[in-house]
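Residue strings, one per chain:
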Amino acid sequence: MAGTGRAVSKIVKVGAKYGPQIWVASKALREPAKEAAQKVIASEKARKQAFDHAKSLSDGSILKVYEGDRSLWIVFSGDTAITVYPVSATPLPSLLRGADLTKRIRPTDQLTAKDRAKDAATSALRRGKPGAIN
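Please read all numbers here as calculations on a predicted model, not as lab measurements.

S.K.: Can you help me understand the overall build of the protein chain in this one?
M.R.: Tallying secondary structure elements over the protein chain gives three helices and three strands in all. Going from N to C terminus, the protein chain has its helices and strands arranged as α-β-β-β-α-α. Within the protein chain, contacts between residues at least 6 apart in sequence are counted, and of these 42% link residues at least 24 apart.

S.K.: Explain the pattern of salt bridges to me, please; I cannot follow it from the model alone.
M.R.: Any two side chains of opposite charge can pair, given that their charged atoms come close. Overall, the coordinates contain five salt bridges when judged by the stated rule. Two residues, arginine 47 and glutamate 44, come together in a salt bridge whose shortest N-O distance is 2.6 Å. With arginine 47 and glutamate 44 both in helix α1 (residues 4-56), this residue pair falls three residues apart, about one helical turn. Note on glutamate 44: relative accessible area 36%, which makes it partly exposed. One salt bridge connects arginine 70 with glutamate 67, and the closest N-O pair in it is separated by 3.9 Å. Judged by relative accessible area, arginine 70 falls into the partly exposed class, the value being 34%.

S.K.: Teacher, can you tell me more about the sheet that holds strand β2 (residues 70-77) here?
M.R.: Two strands in a sheet stick together by hydrogen bonds in their backbones, pointing the same way (parallel) or opposite ways (antiparallel). What the three strands build is an open sheet, ordered β1-β2-β3; its pairing is antiparallel. Looking at the sheet topology across the chains shown, the edges are occupied by β1 (60-67) and β3 (80-85). Averaged over neighbouring strand pairs, the angle between their axes works out to 30 degrees when direction is ignored. Taken together, the five bridges between β2 and β3 define a ladder with antiparallel strand orientation. When the sheet's bridge partners are listed, isoleucine 74 is paired in β3 with valine 84. With respect to the sheet, α1 is in contact with β1, β2 and β3, its orientation differing from that of β2 by roughly 0 degrees.

S.K.: Honestly, unusual backbone geometry in this entry has me stumped. Any pointers?
M.R.: With the exception of glycine, the majority of residues adopt a negative phi angle, and the majority of peptide bonds are in the trans configuration. The omega angle of the peptide bond from tyrosine 85 to proline 86 is -15 degrees, so this bond is cis rather than trans. Structurally, proline 86 is set in the loop between β3 and α2 (92-96). At aspartate 59, a residue that is not glycine, the phi angle is positive and equals roughly 55 degrees. With respect to the helices and strands, aspartate 59 occurs in the loop between α1 and β1. A residue is classified by how much of its surface remains accessible, and aspartate 59, at 46% relative accessible area, is partly exposed.

Scoring rules and cut-offs
Residues numbered from 1 in each chain as written. Predicted model: local features only at pLDDT ≥ 70, side-chain atom pairs only at ≥ 80, totals over all residues. Heavy atoms only, no water. Helix = DSSP H or I, 4+ residues; strand = E, 2+ residues; numbered from the N terminus. Contact = heavy atoms within 4.5 Å. Salt bridge = Lys/Arg side-chain N within 4 Å of Asp/Glu carboxyl O. Buried < 20%, exposed > 50% of the residue type's maximum accessible area, 1.4 Å probe, protein only. Pairing = 2+ DSSP bridges. Axes fitted to C-alpha atoms, helices over the stretch in contact; angles between N-to-C directions.

Given below as structure tokens:
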């Protein structure tokens, strides 16, 4: 193969030059990546708990709200807010202030891939740095 030797040579040179910097950067970014993954897992676990709770209620539904960069799931019975998952010290009325109640999800609703992608994009935009404009 013509040019393969030149490509391998270039990769080795670049690796030798920037390899140590990449190693240091990967070590520095390991903890933030773990924290971000744990936040996503915790949010998914809270959503499942809220969803199971809403299934047990008559006319149950859930709504995703944000407290800073943390996503919370509020469980409703009819139009009354019952509880929040994961547990938050903030009172329910202040969590609901400014929330769009028409976006509540009922256990009978089937979410499409487009809905999940839109929710993931909204969550990703909220993961800005502290003090950043969201």
